[in-house]
Amino acid sequence: MRPSGRKLDEMRAVSIETGFTKHAEGSALIKMGDTHVLCTATIEDRVPPFIKGSGLGWVTAEYGMLPRATNTRMRREAASGKQGGRTVEIQRLIGRALRAGVDRSALGERQITVDCDVLQADGGTRCASITGGWIALRLAVNKLMKAGDVVSDPLVDPVAAVSCGIYAGQPVLDLDYPEDSEAGVDGNFIMTGSGKLIEVQMSAEGSTYTRDQMNQLMDLAEKGVGELAAIQKSVTA
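As the structure is a prediction and not an experimental result, all values here were calculated from the model.

Conventions adopted
- Just so you know, the residues in each chain are numbered from 1, in the order the chain's sequence is written.
- Reporting in this predicted model follows two pLDDT cut-offs: at least 70 for local features of residues, and 80 or more for side-chain atom pairs to be given and counted; totals over whole chains, interfaces and linings ignore these cut-offs and use all residues.
- Only hydrogens and water are set aside; all other atoms, that is, all heavy atoms of the structure, feed into the side-chain values.
- A helix here means a DSSP run of H or I that spans at least four residues, while a strand means a run of E at least two residues long, and both kinds are numbered starting from the N terminus.
- Put simply, the radius of gyration uses C-alpha atoms, and a globule should come to 2.2 Å times the residue count raised to 0.38.
- Relative accessibility under 20% of the residue-type maximum defines a buried residue, over 50% an exposed one, and the middle range a partly exposed one, all with a 1.4 Å probe and only protein chains included.
- Per-residue and other accessible areas follow the Shrake-Rupley method at a 1.4 Å probe size, with only the shown protein chains counted as cover for residues.
- His is not counted here, nor are the chain ends, while Lys and Arg score as positive and Asp and Glu score as negative.
- Positions of charges follow a simple convention, taking NZ of Lys, CZ of Arg, CG of Asp or CD of Glu.
- Think of a polar contact as two N or O atoms within 3.5 Å of one another; within protein, one of them needs to be a possible hydrogen donor and the other a possible acceptor, and neighboring residues in sequence only count if both atoms come from side chains.
- The contact rule is simple, with two residues in contact once any of their heavy atoms fall within 4.5 Å.
- Strand pairing is defined by DSSP finding a minimum of two bridges between the two strands.
- All axes here are fitted lines through C-alpha atoms, helices being fitted over the stretch that makes contact, and every angle between N-to-C directions spans 0 to 180 degrees.
- UniProt positions are given in the numbering used here, feature names are shortened, and annotations may be inferred rather than shown by experiment.
- In this analysis the probe radius is 1.4 Å and the grid spacing 1 Å, with only protein atoms considered; a cavity is a set of points the probe fits into but cannot get out of, a pocket is an open set with protein on both sides within 12 Å along at least five of seven lines, and lining residues have an atom within 4 Å of a point.
- Grid points are joined across faces, edges and corners, and a volume is the space filled by probe spheres set on the points.
- All amino acids are sorted into three groups, where Ala, Val, Leu, Ile, Met, Phe, Trp, Tyr, Cys and Pro are nonpolar, Asp, Glu, Lys and Arg are charged, and the leftover types, Gly among them, are polar.

Focus: the overall build of the chain
Helices and strands together make up the secondary structure of the chain, namely 6 helices and 9 strands. Relative to its length of 237 residues, the chain is compact, with a C-alpha radius of gyration of 18 Å against a globular reference of 18 Å. Seen along its three principal axes, the alpha-carbon backbone of the chain occupies a region of about 50 × 40 × 30 Å. Here the chain holds 237 residues, and 49% of them are scored as buried. Accessible surface, the chain as shown: approximately 11,200 Å² in total, 49% of it carbon and sulfur. Positive and negative side-chain charges in the chain, numbering 27 and 30 respectively, have mean positions lying 5 Å apart.

Section: the side chain of R12
Within the element layout of this structure, R12 appears in the segment before β1 (14-18). From its side chain, R12 meets the backbone oxygen of M32 in a polar contact 3.3 Å long. Side-chain polar atoms of R12 contact the backbone oxygen of D122, separated by 3.1 Å. Setting aside anything within four residues of it in sequence, one finds R12 in contact with R6, M32, G33, T35, D122, G123, G124, D174, L175 and D176.

Points about the sheet that holds strand β3 (residues 35-44)
Taken in spatial order, the 5 strands of this open sheet run β1-β2-β3-β5-β4, and their pairing is mixed. Edge strands, defined here as strands with exactly one partner in the open sheet, are β1 and β4 (58-65). Geometrically, the sheet is characterised by an average inter-axis angle of 20° between neighbouring strands, direction not taken into account. Its contacts with the sheet put helix α2 (residues 85-99) on β4 and β5 (111-120), and the angle it makes with β4 is roughly 145°. This element, helix α6 (residues 211-236), spans β1 and β2 (26-32) of the sheet and lies at about 25° to β1.

Section: the UniProt feature "binding site: phosphate" (unreviewed entry) in the chain
When the UniProt feature table is mapped onto this chain, "binding site: phosphate" (unreviewed entry) is found at R86, G124, T125 and R126. Across 41 residues of sequence, these annotated residues stay compact in space, with a maximum C-alpha separation of 13.6 Å. Set against the largest pocket, the annotated residues named above that line it are R86, G124, T125 and R126. Within the fold, R86 resides in helix α2. Taking the relative accessible area as the measure of exposure, R86 reaches 43% and is therefore partly exposed. Leave out the neighbours within four places in its chain, and R86 touches Y63, M65, T125 and R126. The class for R126 is buried, based on a relative accessible area of 15%. Filtering out sequence-adjacent residues up to four positions away, R126 remains in contact with R86, E89, I90, L93, N188 and Q201. Side chain to side chain, R126 and E89 meet in a polar contact 3.2 Å long.

Quick look at the layout of surface pockets
One way to see where empty space is left: roll a probe the size of a water molecule over the atoms. The calculated volume of the largest pocket comes to roughly 560 Å³. Around the largest pocket, the lining is made up of 24 residues, and of these M65, T70, R86, A121 and T125 lie nearest the centre. Every element with two or more residues in the lining of the largest pocket is listed here: β4, α2, α4 (125-146), α5 (177-180) and β8 (185-192). Across the lining of the largest pocket, the residue classes break down as 7 nonpolar, 9 polar and 8 charged. For the second largest pocket, the full set of lining residues is Y63, G64, M65, L66, P67, R76, E77, A78, K82, Q83, T87 and D117. For the lining of the second largest pocket, the secondary structure elements donating two or more residues are β4 and α1 (77-80). A per-class count over the lining of the second largest pocket returns 5 nonpolar, 3 polar and 4 charged.

Written as structure tokens, this is what we have:
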């Protein structure tokens, strides 16, 4: 029934290569099917002015897509002189999501910036960015801990995200582009590894949905995030 032949509750193949770049304090190339995102984490001994002197740290994110991440070339946003609304919305989402798993007091007064660059897009780029971004963040924090720059682990709970939707009248897990482009309902579920909700983005894309269908999508999301959290743990142990 699904274009990929997957079961309704089956994720795309997930692979993660850590230490993908030489210079970043933490980096990971995450592949969720044909969606590939490079995530890097940079540590800086500064914080935004609005929290300076508070003793709290900050985690923020930037997001972008390469011109040929999609089947037709997109103009670089730098060429137009400003970021598009979609880019701004997604990078704010990534930052909010990652901060939900961080004890900012334990992090200390420093900032970690997570850059998420989409090399290839086939649906679910924001979810892959959050999941891979947490891995890059985890690796960067590991270096802080090894160096003795933080006393206790500031990462309190893994953060991962997965898309779910209603395609051809059925609730499905981890939509790829052919499903995403035709889904009646599309949702992004951001959760902690312990199963707590951080954010849910759901919208009708041509058909409404019932409370029961929403619960079914939540069940699928819990399953998917649980699988992703296990993978995160295995590659950062």
